[in-house]
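Here is what each chain is made of, one letter per residue.
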Amino acid sequence: VEQPEPSGRAPRNKFQKTKMCTLFLNGNCKKRGRCNFAHSEEEVRPLPNLSRTKLCPTLLSGEICVDKDCPFAHSPEELRQWHIDNSVENSG
């Protein structure tokens, strides 16, 4: 579930607050509310689902992709837009 920023806006950085702030955990983070990392478990957001948002680099190099688990799109029709609510939790 997507958690909005305190301002109510979606984060600009799709990776914002997807990891804990190691500086905060050590008592050294000076950024407070401006920090791109989470300062509590409640702030940690799921990683975005970026599958099929780019064409397969193997195909683009002129080769045949044989990776059955390839996370890239294999045709323009397979390309999808990344949306703020596309997280690992709701990939599909």
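Rules used in this analysis
- Residues numbered from 1 in each chain as written.
- Predicted model: local features only at pLDDT ≥ 70, side-chain atom pairs only at ≥ 80, totals over all residues.
- Heavy atoms only, no water.
- Disulfide = S-S within 2.5 Å.
- pLDDT = per-residue confidence, 0-100.
- Contact = heavy atoms within 4.5 Å.
- Salt bridge = Lys/Arg side-chain N within 4 Å of Asp/Glu carboxyl O.
- Helix = DSSP H or I, 4+ residues; strand = E, 2+ residues; numbered from the N terminus.
- Buried < 20%, exposed > 50% of the residue type's maximum accessible area, 1.4 Å probe, protein only.

J.: Which parts of the structure should I look at to understand the state of the cysteines?
T.: Working definition of a disulfide: a covalent bond connecting the sulfur atoms of two cysteines. If you walk through the whole model with that rule in mind, you get zero disulfides. With no disulfide of its own, Cys-21 has Cys-35 as its nearest cysteine by sulfur position, at a separation of 3.8 Å. No disulfide involves Cys-56; its sulfur sits 3.8 Å from the nearest other cysteine sulfur, which is in Cys-70.

J.: Would you explain the confidence of the model for the chain in this entry?
T.: Detail in the predicted coordinates should be disregarded across regions flagged by low pLDDT. With 77% of its residues at a pLDDT of 70 or more, the chain shows a mean pLDDT of 83. Low confidence marks residues 1–5, where pLDDT is under 50. Its contacts with residues over four positions away, or in another chain, come to 12 contacts.

J.: Honestly, the pattern of salt bridges in this entry has me stumped. Any pointers?
T.: Two side chains bearing opposite charge may form a pair once their charged atoms approach each other closely. Going through the model one piece at a time under the given rule, you end up with two salt bridges. Residues Glu-78 and Arg-52 are paired through a salt bridge, measuring 3.8 Å at the closest nitrogen-oxygen approach. Residue Glu-78 is found in the segment after α2 (57–60), and its partner Arg-52 is found in the loop between α1 (22–25) and α2; the two are separated by 26 residues along the sequence. The class of Glu-78 is partly exposed, set by a relative accessible area of 33%. Residue Arg-52 is classed as partly exposed on the basis of its relative accessible area of 31%. Where Lys-68 meets Asp-69, a salt bridge forms, and the shortest distance between an N and an O atom there is 3.6 Å. Exposure class is identical for Lys-68 and Asp-69. Each is exposed.

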